[in-house]
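# Results of the structural survey
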Amino acid sequence: MASSEPAFVPTGAILRTAIGWIDIRADEEAVTQLHWRAIEPGVLVSNPLAEEAKRQVEAYLAGRLTRFDLPLRYAGSEFARHVWDMLLRIPYGETRRYGHLSALIGGEATGNDARAIGSACGQNPIAVIIPCHRVIGAAALGGYSGDLGLTAKRFLLDLEKGQGRLF
């Protein structure tokens with residue numbers, strides 16, 4: 001028996017970059033996901049918000065935009081959402097340490113607290129726009145999710161520093 005409901009078709013946009021692909025997902029009201037991909041994502045049905053997000057990400061990658069102006073919607077634990085809200089306040093071209101963010105939310109900046117911040121960063125559903133790449137470890141870059149991992153993190157940090165190293 002055939003379903004009477006139409007099949008769900010993801011809406012979004014795809015952007016090719018110097019290091020890989022960016023897969024942007026958005027509904028009519030908000031950007032909901034942005035992920036780096038090593039290979040070109042499947043074809044998506046676009047919408048005006050997805051296209052606007054693509055334009056802003058292209059401008060950011062070209063060095064013409066330092067602050068995104070897009071509605072965002074992200075699901076996650078209360079802690080993760082709190083961390084992502086903090087990330088949105090880190091200025092372009094600046095970094096923060098995992099332990100520093102932990103201390104800001106009442107942690108003691110211990111290794112476990114810093115790992116909790118790192119875990120929340122790793123769950124970030126809207127990378128680049130929610131700038132988890134701006135969070136680094138005390139002695140190393142730390143991690144970065146998505147197919148490109150630290151390659152994407154270094155790329156973004158270098159971009160924001162004008163091709164010099166932030167770290």
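Use the structure listed above.
Here is a short report on the structure shown in this document. (Residues numbered from 1 in each chain as written. Predicted model: local features only at pLDDT ≥ 70, side-chain atom pairs only at ≥ 80, totals over all residues. Heavy atoms only, no water.)

### Concerning the nonpolar core
General note: in soluble globular proteins, nonpolar side chains tend to be found buried as a group. Counting 43 residues, the largest nonpolar core has Val31, Val57 and Leu87 as its most contacted members. Those elements that provide at least two residues to this core are β1 (12–16), β2 (21–26), β3 (31–37), α1 (48–61), α2 (78–87), α3 (98–104), α4 (111–122) and α5 (150–160). Per-element accounting of this core gives the leading share, seven residues, to α1. Excluding residues that lie within four positions of it along the chain, valine 31 makes contacts with Ile24, Arg25, Ala26, Leu49, Ala53, Leu70, Pro71, Leu72, Arg73, Ile126 and Ile129. (Core = buried A, V, L, I, M, F, W, Y, C linked by side-chain atoms within 4.5 Å. Buried < 20%, exposed > 50% of the residue type's maximum accessible area, 1.4 Å probe, protein only. Helix = DSSP H or I, 4+ residues; strand = E, 2+ residues; numbered from the N terminus. Contact = heavy atoms within 4.5 Å.)

### Details of the sheet that holds β1
Taken together, the three strands give an open sheet; going across it, the order is β1-β2-β3, and neighbouring strands pair in antiparallel fashion. This sheet does not close on itself; its edge strands, each paired only once, are β1 and β3. Taken over all neighbouring pairs, the strand axes of this sheet differ in orientation by 15° on average, direction set aside. In the sheet, β2 pairs with β3 via six bridges, with the strands oriented antiparallel. Along β3, the bridge assignment pairs isoleucine 24 with leucine 34. Along the sheet, α1 contacts β1, β2 and β3; its crossing angle with β1, the most-contacted strand, is approximately 25°. (Pairing = 2+ DSSP bridges. Axes fitted to C-alpha atoms, helices over the stretch in contact; angles between N-to-C directions.)

### Regarding the environment of lysine 153
Relative to the assigned elements, lysine 153 resides in helix α5. Taking the C-alpha atoms as reference points, lysine 153 and valine 135, separated by 18 residues in sequence, lie 9.5 Å from one another. Those residues within four positions of lysine 153 in sequence are excluded, and the remaining contacts are Tyr98, Cys132, His133, Val135, Ile136, Leu141, Gly142, Gly143 and Tyr144.

### Considerations on the side chain of histidine 133
Here histidine 133 lies in the loop between α4 and β5 (135–136). Each residue touching histidine 133, except ones within four places of it in the same chain, is listed here: Tyr60, Val128, Tyr144, Lys153, Leu156, Leu157 and Glu160.

### Some thoughts on the pattern of salt bridges
For the structure shown, the criterion picks out seven salt bridges. Arginine 73 is paired through a salt bridge with glutamate 29; the nearest N and O atoms lie 4.0 Å apart. Taken together, the residues span a long stretch of sequence, with arginine 73 in the loop between α1 and α2 and glutamate 29 in the loop between β2 and β3 at a distance of 44 residues. For glutamate 94, the salt bridge is made with arginine 96, and the minimal N-O distance between the two is 3.0 Å. (Salt bridge = Lys/Arg side-chain N within 4 Å of Asp/Glu carboxyl O.)

Keep in mind these numbers describe shape, not what the thing actually does.
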